[in-house]
Amino acid sequence: MYFPVLVLLMAGLILASGLTSLIYGVFFVTRQVSALRTVVKTASVVFLLLLVIVGVSGAAFSLLYLALAASALGDWLLAGEGER
């Protein structure tokens, strides 16, 4: 009974991750640093993290959870204005 809902949720997360990546690449990559730009940049990785959490469970994947969370945090921190 829950399988179709899970498949739809996972498909939606894949779509959301791809769309936010595309939006960032087309509209935000050349713009000035802003909170919206940071959120859009980080959102694609967060959607992938949610996808893995929803679709895969078990202790073997805890490193994957940690890696995606660290990647999202890195995107968030690197999206700001850097020293030049």
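Note that the structure is a prediction, hence the values are computed from the model and not measured.

Time to look at helix α2 (residues 35-55). End to end, α2 covers 30 Å across 21 residues, agreeing with the expected 30 Å (1.5 Å per residue, within 8%). The axis of α2 is deflected most strongly, by about 35°, at A43. Regarding α2, the residues found buried are R37, T38, V40, K41, T42, A43, S44, V45, L49, L51 and V52. Here the buried face of α2 lies against α1 (3-28) and α3 (62-78).

Before going further, it helps to examine the side chain of T38. If you trace the backbone, T38 turns up in helix α2. Since its relative accessible area comes to 9%, T38 is described here as buried. Those residues within four positions of T38 in sequence are excluded, and the remaining contacts are W76 and A79.

Our focus in this paragraph is the side chain of T42. As for its position among the elements, T42 is in helix α2. Beyond its immediate sequence surroundings of up to four residues, T42 is in contact with A72, D75 and W76.

Core analysis: the largest hydrophobic core is formed by five residues, namely V45, L49, V52, L68 and A72. A total of three residues in this core trace back to one element, the largest contributor, which is α2. Contacts of L49, omitting those with residues within four sequence positions, involve Y65, L68 and A69.

Judged by side-chain polarity, L15, L19, L22, I23, V26 and F27 come together as a nonpolar surface patch covering roughly 580 Å² of accessible area. Structurally, the position occupied by I23 is in helix α1.

Moving on: the confidence of the model for the chain. The predicted model of the chain has a mean per-residue pLDDT of 85, with 89% of residues at 70 or higher. By mean pLDDT, the top-scoring element of the chain is α1 (91), and the lowest-scoring one is α3 (86).

What follows is about the environment of F28. Here F28 is to be found in helix α1. On the accessibility criterion, F28 (9% relative accessible area) is buried. In this view, F28 contacts I23, L36, R37 and V40; residues no more than four positions away in its chain are not counted.

What counts, and at which threshold
Residues numbered from 1 in each chain as written. Predicted model: local features only at pLDDT ≥ 70, side-chain atom pairs only at ≥ 80, totals over all residues. Heavy atoms only, no water. Helix = DSSP H or I, 4+ residues; strand = E, 2+ residues; numbered from the N terminus. Expected span 1.5 Å × (residues − 1). Bend = angle between axes of the 7 residues up to and from the residue. Buried < 20%, exposed > 50% of the residue type's maximum accessible area, 1.4 Å probe, protein only. Contact = heavy atoms within 4.5 Å. Core = buried A, V, L, I, M, F, W, Y, C linked by side-chain atoms within 4.5 Å. Patch = residues over 30% accessible without salt bridge, like charges linked within 9 Å, V, L, I, M, F, W, Y side chains within 5 Å. Areas by Shrake-Rupley, 256 points an atom, 1.4 Å probe, with all protein chains shown as cover. Salt bridge = Lys/Arg side-chain N within 4 Å of Asp/Glu carboxyl O. pLDDT = per-residue confidence, 0-100.

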